[in-house]
Amino acid sequence: MADQIARANGQPPMLTVEGLKTYFFTDEGTVRAVDGASFEVQAGKTVGIVGESGCGKSVTALSILRIVERPGRIVAGQILLRRPNAKAPVDLALLEAEGAEIRAIRGGEIALVFQEPMTSFSPHYTIGNQIVETIQLHQDVGKEEARNRTIELLRMVGIPNPERRIDEYPFELSGGLRQRMMIAMALSCNPKILIADEPTTALDVTTQAQILDLLRDIQQRTQMSVIIITHDMGVIAEMTDDVIVMYLGRVVESGPVDEIFHQPKHPYTQALLRSIPSIFAEPRTKLPTIAGSIPHPHNRPTGCPFHPRCAEAMPGICDRHEPRLRPISEAHFASCFLYHEPEAAPPS
Amino acid sequence: MRMVVPLLEVRNLQRFFPIRKGLLRRIVGQVRAVDDISFHINKGETLSLVGESGCGKTTTARCILRALKPTSGEVLFQTAEGEVVDTAELPKAALKPFRHQMQMIFQDPFSSLNPRMTVFDIVAEPLLASGVKSREQRRRRVEELLELVRLRPEFMQRFPHAFSGGQRQRIGIARALALNPSLIVADEPVSALDVSVQAQILNLMLDLQDELGLTYLFVAHDLSVVKHISDRVAVMYVGKIVEIAETKTLFKAPKHPYTEALLSAVPKPDPRRRSERIVLQGEVADPAHPPSGCYFHPRCAHAIDRCKTETPSLEEIQPGQFVSCHRAREISLNGVEAQGNGMTIG
Ligand SMILES: Nc1ncnc2c1ncn2[C@@H]1O[C@H](COP(=O)(O)OP(=O)(O)OP(=O)(O)O)[C@@H](O)[C@H]1O
Ligand SMILES: Nc1ncnc2c1ncn2[C@@H]1O[C@H](COP(=O)(O)OP(=O)(O)O)[C@@H](O)[C@H]1O
Ligand code: SF4
Ligand code: SF4
Ligand SMILES: [Mg+2]
Ligand SMILES: [Mg+2]
């Protein structure tokens, strides 16, 4: 898969995630939060990861940054980060979680923006100090210069009166301003990849529009790659070049945004798109629904994880074999037996 | 048959909250959470209240249910007995005989159900409180209610934690329906649910409305959800209604600049419709210190001098469309064009 896409546009992807499995070993059993996820992120592109709650979006992000908390850990897979001048990519999955190398990458080459900016700033320090500190942690600059850079960053993310706001505490700011601060902090070390996990979910639509515009604008100016994680198909449609659809820890479909919306292949993607309330719909019309609800993480279905809810499930096949992510066209992949044959004999 | 009779009429409703400061907790100001709003809801109809966080939606809902006492204004409710009562004015005791005719559905199905009670106890609680003494009678009614919300009656003895978010919301709805209410006030009933489950609950609410002739006041911030459920929509901004109209009209041809901006801000689920969005500058005004004149003027692209000094009032621009804007008749605004069921999956 990695090679195919690399050939398609002549450039190896910036980040390749291959067969990633991140499990939580809890007292009640093992939660397979990410269970064999594969995808890639091209330089300068925006990739969307979409799926309903608990499908493993956030844990995927945490895995890339190596900040999965115990009792969770990466149990398999590769996370290959390619750097401009290095011969071989570095496998983030193999790095020591607390080691110097990943700490330099985290907040340096790869930065993260969370849903709730309040929890990512310490309430006891001014936001300015926290950004200044981050800059000094990753770059060899003096305090004065770091402060000037911070003011510039705040201006860049659209914070009015940055010279004054830099000395405010997190609680003094509105949700929208805090999210801008968080983005400023993420940008402070010129990341190559920005991961934004539900960056606008806690915000009102008008503030959401401001933040999405800001992200798009910065992406265009800096040419960084952006991974945007959301459950909102609208945000995906507006922001991304490529889309990854997750269900129960797996990538069930991935491809260019236009194909995902206009020629979705996987039954889950199709059903999800039909079931979302759309602003284009006729008032008071019923929505097609997906039967049932997402299974509890401890009760994963056998075979295809979507089979108990799938209208097209083939008994004897879908409940017994696990489909794999296979190409449908050049850059479009789906994990479904409607598009490929089961390969191994069913477990008896 | 939907009859065109207002079940609820809200007139000049206000609810202020005092701002207290200092050791003596002296009142130093007022949060004008709901600031002189009027609207009605016809029998069997769904009116949605939309607007950004803090604009006063929940406060309005709570005033209608008299969970909060309004500062001023009237809340005229037509009881099942055909009487019209002002619930804003009545003493609590006098409210009791018909209070059960208005019920609430909450946003968070996880915290709104008591984890130590079985589904039977949860749904039967209002029955018991209203004097249904026979356990057998309660059991039969709970069975009926669970079937109504498409839950298996065998689930009756289970506890809420055994249910998914969507199922818990169904339990909450069953409970709200226990005493045959005529008005259901639903405050963000689907915002905490997964996307695929939202559709199930919205469909259920539409079905129940047809089956039971319910009237809904639907509070939400998600305009896509609102479009699916409502007959009419009221848009709130800083404690005031700025526009109210039939759903189709409001989405297709909004007349208030704030409505237009809200519609434009919604991310559209179609990559072929990426368009230039209207991105409002600045932030929602603080209801403790609202701007002069039209509260929207600091963010409005159409503001003129008059907007800074003179507060517009809600006027009927065309039959059924009420707008609070000095320039509603002269500016032309864009809405969203409906298109079949929304998605074109080819
Ligand atoms: N008990 C209270 N004391 C003081 N202020 C209050 C109180 N309840 C609400 N407010 C204020 O009144 C205003 C309206 O609040 P309300 O909860 O009605 O908003 P809302 O539209 O429901 O918002 P959301 O979308 O966030 O639920 C806000 O400024 C809020 O802070
Ligand atoms: N710290 C943890 N301990 C145990 N299970 C966890 C933990 N964090 C996440 N999970 C589980 O992993 C799965 C995926 O979670 P997550 O990635 O947060 O989903 P989402 O797609 O909503 O971001 C869920 O079943 C979740 O309950
Ligand atoms: S593999 Fe079978 S059950 Fe799974 S999505 Fe495809 S058709 Fe449905
Ligand atoms: S009254 Fe003036 S400021 Fe208010 S919405 Fe209308 S044009 Fe804009
Ligand atoms: Mg998450
Ligand atoms: Mg509210």
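Structure: see above.
Residues numbered from 1 in each chain as written. Chains lettered and ligands numbered in written order. Predicted model: local features only at pLDDT ≥ 70, side-chain atom pairs only at ≥ 80, totals over all residues. Heavy atoms only, no water.

Chemist: Would you mind going over the sheet that holds strand β1 (residues 6-21) of chain B with me for this structure?
Modeler: Where strands meet in a sheet, backbone hydrogen bonds hold them as pairs that are either parallel or antiparallel. All names here are of chain B. One open sheet holds the 4 strands; their spatial order is β2-β1-β4-β5, and the pairing between them is antiparallel. Each edge of the open sheet carries a strand with a single partner, namely β2 (26-42) and β5 (84-86). Sheet twist, expressed as the average angle between the axes of neighbouring strands with direction ignored, equals 25°. The sheet strands contacting helix α1 (residues 57-64) are β1, β2 and β4 (72-78), and the helix crosses β1 at an angle near 115°. (Pairing = 2+ DSSP bridges. Helix = DSSP H or I, 4+ residues; strand = E, 2+ residues; numbered from the N terminus. Axes fitted to C-alpha atoms, helices over the stretch in contact; angles between N-to-C directions. Contact = heavy atoms within 4.5 Å.)

Chemist: How should the site of ligand 4 be read in this particular structure?
Modeler: If you check the shell around ligand 4, you find His256, Pro257, Cys294, Phe296, His297, Cys300, His302, Ala303, Cys307, Cys325, His326 and Arg327 of chain B and nothing else. Taken together, the residues of the shell around ligand 4 sort by class into 7 nonpolar, 4 polar and 1 charged. (Near = heavy atom within 4 Å. Nonpolar A, V, L, I, M, F, W, Y, C, P; charged D, E, K, R; others polar.)

Chemist: Explain the packing of aromatic side chains here, please?
Modeler: Aromatic ring pairs: the centre-centre distance and the angle between the two ring planes describe each pair. One pass over the structure, following the stated rule, counts 9 aromatic pairs over all chains. Arranged with centres 4.6 Å apart and planes meeting at 50°, the rings of Tyr247 of chain A and Tyr268 of chain A form a pair that is tilted. Here the residue Tyr247 of chain A occupies a position in strand β9 (residues 242-247), and Tyr268 of chain A occupies one in helix α12 (residues 267-275), the gap between them amounting to 21 residues. Judged on exposure class, the residue Tyr247 of chain A and its partner Tyr268 of chain A are both buried. Between Tyr258 of chain B and Phe296 of chain B, the aromatic rings sit 5.2 Å apart at their centres with planes inclined by 65°, giving edge-to-face as the arrangement. With Tyr258 of chain B in helix α9 (residues 257-265) and Phe296 of chain B in the loop between α9 and α10 (305-309), this pair connects stretches of sequence that are 38 residues apart. The class for Tyr258 of chain B is buried, based on a relative accessible area of 0%. (Phe/Tyr/Trp six-rings, centres within 6.5 Å; stacked < 30°, edge-to-face > 60°. Buried < 20%, exposed > 50% of the residue type's maximum accessible area, 1.4 Å probe, protein only.)

Chemist: What's the story with the site of ligand 3 in this structure? I'm lost.
Modeler: Taken together, His266, Pro267, Cys304, His307, Cys310, Glu312, Ala313, Cys318, Cys336, Phe337 and Leu338 of chain A are the residues near ligand 3. Tallied by class, residues from the shell around ligand 3 come to 8 nonpolar, 2 polar and 1 charged.

Chemist: Is there a simple way to explain helix α9 (residues 205-222) of chain A in this structure?
Modeler: Residues and elements named next belong to chain A. Compared with the 26 Å implied by 1.5 Å per residue over 18 residues, the 25 Å span of α9 between its first and last C-alpha is a close match. Of the residues making up α9, those classed as buried are Val205, Thr206, Thr207, Gln208, Ala209, Gln210, Ile211, Leu212, Leu214, Leu215, Ile218 and Gln219. Of the residues one or two after α9, Gln223 is the one with positive phi, at around 60°. (Expected span 1.5 Å × (residues − 1).)

None of this, on its own, says anything about what the molecule does.
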